[in-house]
Amino acid sequence: QVQLVESGGGLVQPGGSLRLSCAASGSILSTLGMGWYRQAPGKQREWVAGITSSGGPSYSMSVKGRFTISRDNAKKTLYLQMNSLKPEDTAVYYCNADRVLTARGFEYNCWGQGTQVTVSS
């Protein structure tokens, strides 16, 4: 089965930067759209950024201009560069693959376990 593992979270001061990574493993033949979501305590999980298989990015208005999503298909890794971090960015960040083609067929809506990002002074 497809496995997604996030890393790179931590504690950072407002205005600081972090780079999150999401490594995919399994019998993956190709990964279509991927994205980052986040969930703060007591709040719904929200979409942060997405990227197509060819690298076309899209962003939530709340992070546009501050975050950059990218992917390395050869390494099967998704990234999220987060700059100018704000306290409201504090959340568990999750990696998502909406469509993954594996040797056993398509898998949909695959999630990682998340990595904690805390922005605090």
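Everything discussed here concerns the structure shown above.
A.B. asks: Help me understand the packing of aromatic side chains, please; the structure alone is not making it clear to me.
C.D. replies: The description of an aromatic ring pair rests on the distance of the ring centres and on the angle between the ring planes. A full pass over the atoms with the stated rule returns three aromatic pairs. Measuring from centroid to centroid gives 4.9 Å for Tyr37 and Trp111, while their planes differ by 65°, and the two rings are edge-to-face. Residue Tyr37 is found in strand S5 (residues 34-39), and its partner Trp111 is found in strand S11 (residues 105-111); the two are separated by 74 residues along the sequence. Looking at Tyr37, the relative accessible area reads 22%, which means it is partly exposed. Among the residues examined, Trp111 registers a relative accessible area of 31% and is labelled partly exposed. With centroids separated by 6.5 Å and ring planes inclined at 85°, the aromatic side chains of Tyr94 and Trp111 adopt a geometry described as edge-to-face. One end of the pair, Tyr94, is in strand S10 (residues 91-102); the other, Trp111, is in strand S11, and 17 residues separate them in sequence. For Tyr94, a relative accessible area of 13% puts it in the buried group. For the cation-ring pair, Arg19 lies above Tyr79, with the distance from its terminal atom to the ring centre recorded as 4.2 Å. Above the ring of Trp111, the side-chain terminus of Arg45 is found at 4.6 Å from the ring centroid.

A.B. asks: Explanation requested: the sheet that holds strand S9 (residues 77-82) in the structure shown.
C.D. replies: As a general point, the strands of a sheet are linked pairwise by backbone hydrogen bonds and lie either parallel or antiparallel. Taken in spatial order, the four strands make up an open sheet running S1-S3-S9-S8, and their pairing is antiparallel. Strand pairing shows two members of the sheet lacking a second neighbour, strand S1 (3-7) and strand S8 (67-72), which therefore form its edges. Strand-to-strand twist in this sheet, taken as the mean axis angle between neighbours without regard to direction, amounts to 15°. Judged from the six bridges that link them, S8 and S9 form a sheet pairing that is antiparallel. Looking at S9, one finds that Arg71 is bridged to Leu78.

A.B. asks: Would you explain the pairing of S5 in this entry?
C.D. replies: Pairing between S5 and strand S6 (residues 46-51): five bridges, direction antiparallel. Considered in S6, the bridge of Met34 is made with Ile51. Here S5 folds back onto S6 in antiparallel fashion, the turn holding six residues, of which Gly42 has a positive phi close to 75°. Bridge count for S5 against S10 is six bridges, and the pairing is antiparallel. Within S10, the position partnered with Trp36 by the bridge is Cys95.

A.B. asks: Help me out: how do you make sense of the side chain of Ser60 in this one?
C.D. replies: Examined against the element boundaries, Ser60 turns out to sit in the loop between strand S7 (57-59) and S8. When near neighbours in sequence (up to four residues on either side) are disregarded, Ser60 contacts Trp47 and Val48.

A.B. asks: Just to check I follow, could you spell out the nonpolar core for this structure?
C.D. replies: Leu4, Trp36, Leu80, Met82 and Tyr93 are the most contacted members of the largest nonpolar core, which has 30 residues in total. Looking at this core element by element, the count peaks at five residues for S10.

Scoring rules and cut-offs
The residue count restarts for each chain, going from 1 along the sequence in the order it is written. Only residues with pLDDT of 70 or above have their local features reported here, since the model is predicted, and side-chain atom pairs are shown and tallied only from 80 upward, although totals for entire chains, interfaces and linings are computed over all residues. Heavy atoms throughout the structure, all of them, feed into the side-chain values; hydrogens and water do not. Centres within 6.5 Å are what make two rings of Phe, Tyr or Trp a pair, Trp counting through its six-membered ring; a difference in plane orientation under 30 degrees is then read as stacked, over 60 as edge-to-face, and the rest as tilted. Helix and strand definitions here come from DSSP, where helices need a minimum of 4 consecutive H or I residues and strands a minimum of 2 consecutive E residues; each element is numbered from the N-terminal end. Each residue is placed in one exposure class: buried if its accessible area under a 1.4 Å probe, protein chains only, is under 20% of its type's maximum, exposed if it is over 50%, and partly exposed if it falls in between. Placement of a positive charge over a ring is assigned whenever Lys NZ or Arg CZ falls within 6 Å of the ring centre and within 35 degrees of the normal to the ring plane. Pairing between two strands requires that DSSP report at least two bridges joining them. What counts as an axis is a line fitted to C-alpha atoms, over the stretch in contact for a helix, and the angles between N-to-C directions run from 0 to 180 degrees. Should any heavy atoms of two residues lie within 4.5 Å, those residues are counted as being in contact. Think of a nonpolar core as a cluster: buried Ala, Val, Leu, Ile, Met, Phe, Trp, Tyr and Cys residues, connected wherever their side-chain atoms sit within 4.5 Å.

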